[in-house]
Amino acid sequence: MTERTTITEDSVPGLPVGVKLRFDKQRDQWVILAPERLFVLDSIALEIVKRCDGKASVGEIVNDLAGTFEAPRDVILKDVGALLQDLADKRILAA
Amino acid sequence: MTELNFPLAILAELTHRCPLQCPYCSNPLALEASSAELSTGQWKAVIKEAAELGVLQIHFSGGEPTARRDLEDLVAASAAEGLYTNLITAGVLLSKERLAALAEAGLDHLQLSFQDSEAAGCDRIGNYKGGFEKKLDCARWVKEIGLPLTLNMVVHRQNLEHLEEMLALAEKLEAQRVEIAHVQYYGWAYLNRASLMPTRAQLERATEIVEAARARLKGVMVIDYVVPDYYARRPKSCMGGWGRQFLNISPAGKVLPCHAAESITSLTFDRVTDRSLRDIWENSEAFKAYRGTDWMPEPCRSCERKEIDWGGCRCQAFALTGEAGNVDPACGKSPVHEAMQALATAESAKDETAFHYRTRKAGEAAAEKVPEPLA
Ligand code: SF4
Ligand code: SF4
């Protein structure tokens, strides 16, 4: 039986089968396509989701973002953790 | 004029053929013959055109879409255009080999219907012996092949007592998602309303069960829940508004603003074989008839919710009042709202269990049996 995924710094997030990240060229936006669902990503969410490649851990993703955007690590960790947990609960992220 | 964006998703009803005969089927009473169906080439042209217009998701439905042998081809054509592909199936015609071929062709997701949580009810409601066992096989194969699975369950008076078991079945089959949808009463369901209408107590219990399951299964299984209109105070925003976000293509290529739109016999629908999709979407009479808010009479015209629910469901307004442009009787401001609720209460108390099953013959004969409008 499936269990709820809890996102921690050690989780290695990725998009599960049946979930796709795609650029919608007609509307000039990035979207996640999932069963009966479609999420438009804002630029922050896109930066996070793009890094969920099934290889990098949450901790590594946060380090990368903190470097790229020169922002405090703990703030980023909180935002990233919240977003990824939300996506995991919607079953559009695996870890 | 309302801003016109082409829909993000389309529903492709490949055929009206189906081995099951569900009494609430969303297909029209007048089912299309297989000879009227679009060809493979015509569907491929539609898929290409839709993708160019900005569609991102395509749902293959029916009838039973797997009754079309070219389904793999159409899935592959959609995947080649970058579309997200979803198959909505009753599952009884599928073999494991065929499922694997569909996955190979690029299928992204599958929705499998169950008519009840156990064989007796499931096979009786769909009028298909052995269906339940085949569906279990299908669900197992879907998981073995590694496709994501949603279970679709339509609920009504004759199966709501099993709602907890239905959710347990979905959990056992490891569905990522389950859709619990109360019957919407038009077409076949309207004809069978007296046998399907739930009691208010059943409805309240169902909502409790769904809420409890949602809390318990958070992060494990997503539960989508479609509530019924007959006991509501405000209508649903049907399809996000007529001709605003959604289109449906019938087996014969008619382009519809919702899958039940053909029940509105006062409208005629254009075909993909006669006009371009864009032209139909933007300019066809059927789409323009109830798009936006300009067509609205009172009480909607001066209502603050008119851009929230868009006046509710046109099909329901037509079925219950004989005029598709009336306010949806599910709205408390409709003059026939009370009558509709009284009717639901009365019908839900009946011990009627027999169905008019969905067959072409029954559809042709149904005209005299359809319940009269309220007003
Ligand atoms: S609702 Fe039942 S009869 Fe209608 S298409 Fe689906 S499985 Fe077939
Ligand atoms: S009056 Fe019309 S717009 Fe207002 S809530 Fe009722 S159906 Fe919706």
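In what follows, the structure referred to is the one given above.
Residues numbered from 1 in each chain as written. Chains lettered and ligands numbered in written order. Predicted model: local features only at pLDDT ≥ 70, side-chain atom pairs only at ≥ 80, totals over all residues. Heavy atoms only, no water.

Chemist: Sorry, what's going on with the side chain of Asn152(B) here?
Modeler: Residues and elements named next belong to chain B. Note on placement: asparagine 152 falls in strand β5 (residues 149-155). At 2.9 Å, the side chain of asparagine 152 forms a polar contact with the side chain of glutamine 111. Contact partners of asparagine 152, with chain neighbours within four places excluded, come to Ile88, Gln111, Leu112, Ser113, Phe114 and Glu179. (Helix = DSSP H or I, 4+ residues; strand = E, 2+ residues; numbered from the N terminus. Polar contact = N/O pair within 3.5 Å; in protein donor to acceptor, adjacent residues only side chain to side chain. Contact = heavy atoms within 4.5 Å.)

Chemist: Would you explain the packing of helix α1 (residues 40-53) of chain B against helix α2 (residues 71-80) of chain B in this entry?
Modeler: The description of two helices packed together rests on the angle between their axes and the distance between the axes. All names here are of chain B. Running from amino to carboxyl end, α1 crosses α2 at an angle of 20°, the nearest separation of the two axes being 10 Å. Relative to α2, the element α1 is oriented roughly parallel. In this structure, the crossing between α1 and α2 has a hand that is right-handed. Here α1 contributes Thr40, Trp43, Lys44 and Ile47 to the contact with α2, which in turn contributes Asp73, Leu74, Ala77 and Ser78. Split into classes, the residues belonging to the contact of α1 with α2 amount to 4 nonpolar, 2 polar and 2 charged. (Axes fitted to C-alpha atoms, helices over the stretch in contact; angles between N-to-C directions. Parallel < 35°, antiparallel > 145°, perpendicular 65-115°, else oblique. Left-handed = near helix turned anticlockwise from the far one by under 90°. Nonpolar A, V, L, I, M, F, W, Y, C, P; charged D, E, K, R; others polar.)

Chemist: For this particular structure, what's the right way to read the side chain of Asn27(B)?
Modeler: Residue and element names in this part refer to chain B. Topologically, asparagine 27 is positioned in the loop between β1 (9-13) and α1. The class of asparagine 27 is buried, set by a relative accessible area of 1%. At 3.0 Å, the side chain of asparagine 27 forms a polar contact with the backbone nitrogen of glycine 63. Beyond its immediate sequence surroundings of up to four residues, asparagine 27 is in contact with Glu13, His16, Gly62, Gly63, Trp188 and Arg358. (Buried < 20%, exposed > 50% of the residue type's maximum accessible area, 1.4 Å probe, protein only.)

Chemist: Sorry if this is basic, but what is going on with the interface of chain A and chain B here?
Modeler: Many descriptions give the size of an interface as the accessible area lost when the pieces come together. Contacts between the two partners involve 23 residues from chain A and, on the opposite side, 33 residues from chain B. The junction of chain A with chain B conceals about 2,300 Å² of combined surface from both sides, 54% of it contributed by carbon and sulfur atoms. At the junction of chain A and chain B, the tally comes to 3 salt bridges. Two residues, Asp108(B) and Lys20(A), come together in a salt bridge whose shortest N-O distance is 2.8 Å. Between the two partners, chain A and chain B, sit 11 residue pairs in polar contact (both at pLDDT 80 or more). Only β1 (20-24), β2 (29-34), β3 (37-41) and α3 (73-89) of chain A provide two or more residues apiece to the side of chain A that touches chain B. (Buried area = accessible area lost by both parts, 1.4 Å probe. Salt bridge = Lys/Arg side-chain N within 4 Å of Asp/Glu carboxyl O.)

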